[in-house]
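Remarks on the overall topology
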Amino acid sequence: LHYRPDVLSFSVVGGIPFDEAVRVIDENFGDWRSDGETPAFNIPTAALPAATQREEFTIAGKSQSDISAGHPALPRSHPDYYALDVANFVLGRFGLSGRLGKRIREEQGLAYSTSSSLDGGMGPGLWAARAGVNPANVDKAIESMIVELRRLQDEPVGEDELLDAQDFLTGSLPLALESQDGVARSALDIELYNLGL
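Along each chain, residue indices are assigned from 1 in the same order as the chain's sequence is written. Selection of residues for local features in this predicted model requires a pLDDT of at least 70, selection of side-chain atom pairs for listing and counting requires 80 or more, and totals for whole chains, interfaces and linings are taken over all residues. Note that water and hydrogens are dropped before the side-chain values are worked out from all heavy atoms of the structure.

1. Some remarks on helix α4 (residues 138–154)
Helix length check: α4 (17 residues) gives 24 Å between terminal C-alpha atoms against 24 Å at 1.5 Å per residue, within 8%. The cut-offs for exposure are 20% and 50% of the maximum accessible area for each residue type, with area from a 1.4 Å probe on protein chains only; residues under the lower value are buried, those over the upper are exposed, and the others partly exposed. Here a strand is any run of E in DSSP of at least two residues, a helix any run of H or I of at least four, and the numbering for each starts at the N terminus. Where α4 is concerned, the buried positions are V138, A141, S144, M145, E148 and L152. Burial along α4 is one-sided: seen end-on, the buried residues are contained in an arc of 130°. Exposed positions of α4 whose direction lies more than 90 degrees from the buried face are D139, E143, R150, Q153 and D154. Those residues of α4 hidden inside the fold are in contact with β1 (65–72), α2 (81–93), α3 (99–107) and β3 (126–133). Here the expected length of a helix is defined as 1.5 Å per residue gap, with one fewer gap than residues. Within this analysis, the arc is defined by the directions that extend from the helix axis to the C-beta atoms. We call two residues contacting when some pair of their heavy atoms lies within 4.5 Å.

2. Here we look at the pattern of salt bridges
In the sections that follow, a salt bridge refers to a side-chain nitrogen of Lys or Arg positioned within 4 Å of a carboxyl oxygen of Asp or Glu. Across all of its chains, the model carries 11 salt bridges by this definition. One salt bridge connects D6 with R4, and the closest N-O pair in it is separated by 3.0 Å. For R4, a relative accessible area of 10% gives the class buried. Salt-bridge contacts for R151 lead to E148; the nearest nitrogen and oxygen are separated by 3.0 Å. Remark: E148 and R151 occur in helix α4; sequence separation between them is 3 residues, near one turn of the helix. When salt bridges with common partners are traced through the structure, they connect E20, R23 and E27 into a single cluster.

3. Describing the side chain of E148
Relative accessible area serves as the criterion here: at 2%, E148 is assigned to the buried category. Leaving out residues up to four positions away in the same chain, E148 has contacts with L91, R99, L100 and R103.

4. With respect to the layout of surface pockets
Cavities and pockets were defined on a 1 Å grid built over protein atoms only: a cavity is a set of grid points that admits a 1.4 Å probe from which the probe cannot escape, a pocket is an open set flanked by protein on both sides within 12 Å along at least five of seven lines, and lining residues are those with an atom within 4 Å of any such point. Grid points are joined across faces, edges and corners, and a volume is the space filled by probe spheres set on the points. The volume enclosed by the largest pocket comes to roughly 1600 Å³. As for the largest pocket, its lining consists of 38 residues, and the residues nearest its centre are Q53, S68, A69, G70 and M145. Within the residue set of the lining of the largest pocket, elements represented by two or more residues are β1, α2 and α4. Along the lines of polarity and charge, the residues of the lining of the largest pocket split into 21 nonpolar, 11 polar and 6 charged. A volume near 920 Å³ is recorded for the second largest pocket. Lining the second largest pocket are 27 residues, and of these R76, Y82, D85, L173 and D189 sit closest to its centre. Contributions of two or more residues to the lining of the second largest pocket are made by α2, β2 (111–119), α5 (159–176) and α6 (180–192). In this classification, Asp, Glu, Lys and Arg are treated as charged, Ala, Val, Leu, Ile, Met, Phe, Trp, Tyr, Cys and Pro as nonpolar, and every other residue, Gly included, as polar.

Laid out in structure tokens, this is it:
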């Protein structure tokens, strides 16, 4: 329904002349036609949970407990997405060097691994924190996650942490553009999420 030529974008990168790229695209997709009006593409907002929810699943023979905590997040095009991305980096996007890794693994010795992630899409995204821990440490690790989340919510991020996050995030952009695939993906993201140059 939403895969139609009237809403399709192409990203062509590399040593190909523009006219040749257009010719190849037209040769392969030129006879693809749309029927009727372009359908609206509306993704509803995600309802925020009214209260904390916890579910546990047992997998026979598994010796490690894996914790996943999640919350609806912002669409990729939201103006606050970048601020949330910086906050997520401080928390644990870079794995064990974030606040989650420092508290849960280094200080408390509870986790084999820990990280956080932020996924933004056309509609509401997902923020998640994860940790792999000894089954005896699940409750304590969850409590430590919550402490770090509340600290991020209630206290300003320190200047050193903020600069580290900003330096990494801005420094990673040139790395993402080192390959033709990276340039193509970045161009498509800009177009898809209407980010502007």
